[in-house]
Amino acid sequence: MSATGTGTLSYLWQRDGVNTPVPGFVDLTGSNFPSLSIDQASLLEDGARFRVRVSASVGTTTTSEAVLTVLPRSGVSYPRSWSTGQLLERFEDQTVFPRGAMADDGGASILFLRIDAAGARTLYAVRATIGASGPHQFGTPRQIDLQASGAQLPLPPAADGDTSISSFAIASAPNGNAVAVWNTFSPCTAQTYQTSGDCRYLVMARYVAASDRWEPAERLFDIPSRDFVGRIDDRGDLLLAYNGWERTGTTVTQVPALAWRAAGASTFTTQRFGGLNVDRFNHGLDANGRLLLVGEATRNGGVTLVSYEGSVSMGFGAEQTVASVTGNGLILGRMVLGRNGRALMVWQQGTGTQAQQFGSARDLGGGNWASPQMLPIPAFSFVTVADSGSGRLFDMNSCQAVDFGSSGWASVATALTPPRTPCFSGGILVTRDGGFLSVGGRTIWSLYDGVARAYIKPAGNPLAPADLLFGTVIQDGLFVPLSIMYSSQSGVGLVLSASPWSSLPTPSAPDGVRTTEPNIWGWTLR
């Protein structure tokens, strides 16, 4: 742009909140120039608005807005290949259950357990640096199941001495913030779900990407099951979902429950949602700390689909009804809340003699769910919401997808049409822009680009060396992909496995060198 004025002119470019952590226009630091260049724009930036404030000695003026248009890539535009597997953790006493979550830049947070000869379990975290180019590396493991004092959780120990961590999970925000959630055991009290013996407690720790540190672990409250998950946003807001409980007389019933905490707060707020089906409820946290819960309620001889909207600062508001049927003909499928506050939900509903798939959408901050639409697809596997607000529903059995745009759900399904079948390989990770990375038990892999709507790499049929992580077929059962990660923003991926090799298979040595216990291995894709 060009501007004229008295004296020296200064420029401050601004952009709106599309794909940013806050709504409205925000300043772009270091942009004191009459022109603005955007390198490697992705389809997630499509529709972003820009303007510039020009200042001189006599005042300031702001230009009209310019809208960025990003065109999809056409077809397969770049290759992908796997690195040689790297040993993350060698079996000493025992290492098990690697889990990981990836940020947009390809950095990943990884958890695993160490179990010593006496059976004591400790939880460790590793940071992985995997860029689109340059070296990749795995950091030094850090024990994270520690309190601020450095003492290991739980305190005091369980009555029978068992402090086992029996389950854990990890989630990452786009900027690399992460939250680890796990359970451990301590003696029950008069206020827990049972009043004698040992009870399960929920524990969490937060990773702050800006300072590269894990905060001390916090034991929160008792939980009657191992069903829990955590969410975190770029600001550091937290949402934990778990099975809570309610007691009526001597009967304890499990119910859906959420706990949330704003980035700068010191305590969690909790809420139990009695009356909802504990086996079918979905939840979400957007980039601005807004919350959403959907679930099934059994009422008046039928099933009602309900939702609750809230925020980490204000809690939840009143219940909203999405759909209702007589009998048991409604089954909640999936609900996904995008970073910009758009929610997409799909469910199955009986229509006469057969079940049909339905979908709806809403934007947080006002309004209701859109009228349900019947979807042109026989089943559903995954739902995604891009930062731009567009979405996609996948049925991986029929290899079809249904797109969501400004006019709602599409009336015709789109075939994924892999050049070779099947359309995915086994374990699968779906990205928020509608792509996926899949890796199967025999190391067969495939990759679908959600922006180009095309396969970068289909599953092999018949198999070729490029279809396999090791370049050769291995025996069934020796490789299990325990955690699959992929960032479509940086184009890199990571697969973790606990596999019984000290040296990996190669085309010339397809059995590798085996051990009696599993080592943790990682493979990077870029």
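These numbers were taken from a predicted model, which means no experiment stands behind them. (Residues numbered from 1 in each chain as written. Predicted model: local features only at pLDDT ≥ 70, side-chain atom pairs only at ≥ 80, totals over all residues. Heavy atoms only, no water.)

Focus: the pattern of salt bridges
- Counted by the stated rule, this structure contains 19 salt bridges.
- Arg 213 is paired through a salt bridge with Glu 215; the nearest N and O atoms lie 3.8 Å apart.
- The class of Arg 213 is partly exposed, set by a relative accessible area of 40%.
- Residue classification places Glu 215 among the buried positions, given a relative accessible area of 14%.
- Residue Arg 235 pairs with Asp 237 through a salt bridge whose shortest N-O separation is 2.7 Å.
- A relative accessible area of 2% means that Asp 237 is categorised as buried.
- Members of the salt-bridge network, linked through shared partners, are Asp 104, Asp 234, Arg 339, Asp 387 and Arg 432. (Salt bridge = Lys/Arg side-chain N within 4 Å of Asp/Glu carboxyl O. Buried < 20%, exposed > 50% of the residue type's maximum accessible area, 1.4 Å probe, protein only.)

Quick notes on the packing of aromatic side chains
- Taken as a whole and judged by the stated rule, the model has 14 aromatic pairs.
- Relative to Tyr 455, the ring of Tyr 448 has its centre 5.0 Å away and its plane inclined at 75 degrees; by these criteria the two rings are edge-to-face. With respect to burial, Tyr 448 and Tyr 455 carry one shared label: buried.
- Seen from their ring centres, Phe 479 and Trp 523 are 5.4 Å apart, and the 80 degrees between their planes marks the pair as edge-to-face. In this pair, Phe 479 sits in the loop between strand 37 (454–457) and strand 38 (483–487) while Trp 523 sits in strand 40 (residues 513–525), placing the two residues 44 residues apart along the sequence.
- Overall, Phe 479 belongs to the buried group, its relative accessible area being 2%.
- Connected via pairs of aromatic rings, a cluster forms that spans Trp 260, Phe 273, Tyr 308 and Phe 316.
- The ring of Trp 245 is capped by Arg 272, whose NZ or CZ atom sits 4.9 Å from the centre of that ring.
- Lying across the ring of Trp 445, Lys 457 places its NZ or CZ 5.0 Å from the centre. (Phe/Tyr/Trp six-rings, centres within 6.5 Å; stacked < 30°, edge-to-face > 60°. Helix = DSSP H or I, 4+ residues; strand = E, 2+ residues; numbered from the N terminus. Lys NZ or Arg CZ within 6 Å of the ring centre and 35° of its normal.)

Here we look at the nonpolar core
- Among the nonpolar cores identified, the biggest contains 19 residues, and Trp 82, Leu 437, Val 439 and Phe 479 are the most heavily contacted of them.
- Within the residue set of this core, elements represented by two or more residues are strand 35 (436–439), strand 36 (445–449), strand 38, strand 39 (492–503) and strand 40.
- Considering every element that reaches this core, the biggest residue donor is strand 40, with three residues.
- Once you skip the residues sitting within four places of it in the chain, Val 439 turns out to touch Trp 82, Ser 425, Gly 426, Gly 427, Ile 444, Trp 445, Leu 469, Phe 479, Pro 481, Ile 484 and Val 495. (Core = buried A, V, L, I, M, F, W, Y, C linked by side-chain atoms within 4.5 Å. Contact = heavy atoms within 4.5 Å.)

Examining the sheet that holds strand 37
- With respect to topology, four strands assemble into an open sheet ordered 34-35-36-37, the strand pairing being antiparallel. On the outer flanks of this sheet lie strand 34 (427–430) and strand 37, each paired with one strand and no other. Each strand of the sheet is rotated relative to its neighbour by a mean of 20 degrees, with strand direction disregarded.
- Taken together, the four bridges between strand 35 and strand 36 define a ladder with antiparallel strand orientation. In the strand pairing of strand 36, Val 439 is matched with Trp 445. (Pairing = 2+ DSSP bridges. Axes fitted to C-alpha atoms, helices over the stretch in contact; angles between N-to-C directions.)

Brief notes about the sheet that holds strand 21 (residues 276–285)
- Taking strand neighbours across the sheet as the criterion, the four strands line up as 21-22-23-24 in an open arrangement whose pairing is antiparallel. Each edge of the open sheet is held by one strand with a lone partner, namely strand 21 and strand 24 (315–326). This sheet shows a mean twist of 20 degrees between the axes of neighbouring strands, independent of strand direction.

Examining the state of the cysteines
- Overall, the coordinates contain two disulfides when judged by the stated rule.
- Sulfur-sulfur distance for the disulfide between Cys 188 and Cys 199 comes to 2.0 Å. Taking the sign of the torsion about the S-S bond as the criterion, the disulfide between Cys 188 and Cys 199, at about 105 degrees, is right-handed. Of the two residues, Cys 188 sits in the loop between strand 13 (178–187) and strand 14 (198–208) while Cys 199 sits in strand 14, which places them 11 residues apart along the sequence. The exposure classification of Cys 188 matches that of Cys 199, with both residues buried.
- One disulfide bridge connects Cys 399 with Cys 423, the sulfur atoms lying 2.2 Å from each other. Every disulfide takes its handedness from the sign of the S-S torsion; for Cys 399 and Cys 423 that torsion is -90 degrees, giving left-handed. Of this pair, Cys 399 sits in the loop between strand 30 (391–395) and strand 31 (400–405) while Cys 423 sits in the loop between strand 33 (414–415) and strand 34, and the two are 24 residues apart along the sequence. Comparing Cys 399 with Cys 423, the two get one shared label, buried. (Disulfide = S-S within 2.5 Å.)

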